[in-house]
Each structure stands twice: as structure tokens, then as C-alpha cells.
Amino acid sequence: MAPYVRLRQICLVAPQLEPVITDIGRIMGLAVCYRDGNVAKYGLENALLPVDTILLEVVAPFKEGTTAGRFIEKTGGRGGYMAIFCCNDPDERGRNANALGVRTANVIDHAPYHGVQLHPRDCRAAFIEFNHTEGSDDILGAYPPAGPDWQKFIRKDVTQALTAVEMQSPDPQGLAEHWGKIIGIAPNDEAELKLPNATFRFVKGASEIMSALEFRVTDVAQVLHTAKAKGLAVGGNEFLLSGVTFRLGA
């Protein structure tokens, strides 16, 4: 099988799960497919919503001393927490990252799922995880972190796709090259990493964070209207939610 890598999941972190998860669902027309009890051992609770075949997850700490809690403190609650990629050999990608000086932070082995999480300090801007689910190379196949029947919760009447992830850095080209080496995709001249199902765009910013998510929606004005009605700050074609800019396009 030829090597592949696709964006599988984006994880945001919030001080509390509510009202964030309800707001995302109502504004973006998405449905929660799963709440994973396995994350409790890390002092977290979570919920996942499928955006077509990419999962959007929100995690929130419920006790002191969690990695997610430290992330909120360090960033002031600004920026996405984790970019999760599916591939055919997470261990090989982990070894490649280690050779670049990026440490492995955690290995998750829940057959048929196997994941390798890399250290956020070494990745810069956010956690990177690579995972593989045995016997599931189909993007609509089994994906245990999203629950047994996540596909049934895909809603497309409001939001069709998560198309891009924006990363900020004082040195966007340098961060693009660093992530490109870890992921195995060379950046183009615009400091973008183009995956088969999403683009990572690196832009100038004061600190290194996952700053924005870009979505294709049916009716931009209607989604912005719903966000405003929820009391969120709306400007142009975007609004801020859970420390990340949600940017909308038709």
C-alpha cells in the first residue's frame, strides 16, 4: 500500500465543554457523534462532531494538573489543541519525528486503533498525532475515537466541509517547513501544506498557535447570524469560538 496521510481530526480545548459544544453544533449545524469515556484517565471530558469525514473534537479538563489545562493557561485559551492525521504506519512517522528532534509524548494502543502523539513543545503551535485503524483505510470506515457509528451523525445541510487549518507563527515559512518534515509533505511557495482532504496554511502572527479553521457552508450569512445571536463576536466572514477563529466560505 502506498503511504498516505490525511487530516482525520481537529481537537480544540475549552475550560468547560458547555456551552462550547452546544454552540458549535447549533451554529454550524453539526451533531455530536460520541463522548469518549477513555479520556477521563487524562482528567478530560470530550465530545466529537463529524464535519463530513473530518472529526471536530472539543476537550475540557475536569481536574487540576492536566496537559489541556496547562495548554489553556499557556495560550490564554487561544488556539487549537491538536491536529490528528490518519496514515498507514504511525510508528514509522513517530520514528521519523524523533529523528527530527520531536519527542513522542504518548502512544495509544486500543486495537484496532493505534496512535502516536508527539510532544507539543517540539511540534510547535499544537500537538500532532498520527494514527491508524487496522482494516479501515476507507475514510468512512471504522474510527474508534469517534464511536461505533459516527458516520450516521454526518450533517451537511449547513456545513459541508472543513477545508483548511490556519497556523500562526512569527516565522510562518519556518513552521510550515517544520510541520512539513513531520507530516511528510513539502510546503509550497505560499507556506501551505496541501493534504488530500484539507490545507494547512501558515501565516504571520505574534505567537505560534493553531489560529483558525476554515469551513465551506451552504449560507455564510445565515451561519454568521446564528453566531451573533449566540453572543459571539462576528466580523467579516468569521467568528471566534473556543479560542479559534471559525472562517466561513461558500
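In what follows, the structure referred to is the one given above.
Quick caveat: nothing in here was measured; it's all calculated off a predicted structure.

What counts as what
Residues numbered from 1 in each chain as written. Predicted model: local features only at pLDDT ≥ 70, side-chain atom pairs only at ≥ 80, totals over all residues. Heavy atoms only, no water. Helix = DSSP H or I, 4+ residues; strand = E, 2+ residues; numbered from the N terminus. Rg over C-alpha atoms; globule rule 2.2 N^0.38 Å. Buried < 20%, exposed > 50% of the residue type's maximum accessible area, 1.4 Å probe, protein only. Areas by Shrake-Rupley, 256 points an atom, 1.4 Å probe, with all protein chains shown as cover. Lys, Arg positive; Asp, Glu negative; His and termini not counted. Charge placed at Lys NZ, Arg CZ, Asp CG, Glu CD. Salt bridge = Lys/Arg side-chain N within 4 Å of Asp/Glu carboxyl O. Pairing = 2+ DSSP bridges. Contact = heavy atoms within 4.5 Å. Axes fitted to C-alpha atoms, helices over the stretch in contact; angles between N-to-C directions. Polar contact = N/O pair within 3.5 Å; in protein donor to acceptor, adjacent residues only side chain to side chain.

1. Some thoughts on the overall build of the chain
If you tally the helices and strands in the chain, you get six helices and 14 strands. For a compact globule of 250 residues, the expected C-alpha radius of gyration is about 18 Å, and the chain comes in at 17 Å, within 12% of that figure. Dimensions of the chain, computed from C-alpha atoms along their principal axes, come out at roughly 50 × 40 × 40 Å. Looking at the chain as a whole, 55% of its 250 residues qualify as buried. Accessible surface for the chain amounts to roughly 10,800 Å². Of this, 51% is attributable to carbon and sulfur atoms. Side chains of the chain give 25 positive and 29 negative charges; the mean places of these two sets differ by 3 Å.

2. Topic: the pattern of salt bridges
Throughout the structure, instances matching the rule amount to eleven salt bridges. Arg 201 serves as the salt-bridge partner of Glu 192, at 3.1 Å between the closest nitrogen and oxygen. In this structure, Arg 247 engages Glu 214 in a salt bridge whose closest nitrogen and oxygen atoms are separated by 3.0 Å. Separated by 33 residues along the polypeptide, Arg 247 in strand E14 (residues 244-249) and Glu 214 in strand E11 (residues 209-217) bring together distant segments of the chain.

3. Considerations on the sheet that holds E11
Pairing is mixed across the open sheet formed by seven strands, whose spatial order is E9-E10-E8-E11-E14-E13-E12. Edge strands, defined here as strands with exactly one partner in the open sheet, are strand E9 (192-194) and strand E12 (234-235). Pairing geometry for strand E13 (residues 238-241) and E14, over four bridges, is antiparallel. The partner of Leu 240 across the bridge, within E14, is Thr 245. Sheet strands touched by helix H1 (residues 20-28): strand E8 (159-169), E11, E13 and E14. Its angle to E13, the strand with the most contacts, is close to 160°.

4. Looking at the side chain of His 114
Its location among the elements puts His 114 in strand E6 (residues 113-118). Of note is the side chain of His 114, whose polar atom sits 2.8 Å from the side chain of Asp 91. There is a polar contact of 2.9 Å between the side chain of His 114 and the side chain of Asp 109. Setting aside residues up to four positions removed in sequence, His 114 forms contacts with Pro 90, Asp 91, Val 107, Ile 108, Asp 109, Phe 130, Asn 131 and His 132.

5. What about the pairing of strand E5 (residues 104-110)?
Along any regular strand, the residues point their side chains to alternate faces of the sheet. Sheet topology note: the E5/E6 ladder contains six bridges and is antiparallel. For Ile 108, the partnering residue across the bridge sits in E6 and is Gly 115. In this antiparallel pair of consecutive strands, E5 and E6, the connection spans two residues.

6. Some points on the sheet that holds strand E2 (residues 44-51)
Strands sit in the order E2-E3-E1-E4-E7-E6-E5 across an open sheet of seven strands; the sheet is mixed. In this open sheet, the two edge strands, each paired with only one partner strand, are E2 and E5. For this sheet, the mean inter-axis angle between neighbouring strands, taken without regard to orientation, is 20°. Relative to strand E7 (residues 127-133), E6 runs antiparallel, the two being bridged by six bridges. Considered in E7, the bridge of Leu 118 is made with Ile 128. Contacts from helix H3 (residues 90-99) reach strand E1 (5-13), strand E4 (82-87), E5, E6 and E7, with the element oriented near 10° to E6.

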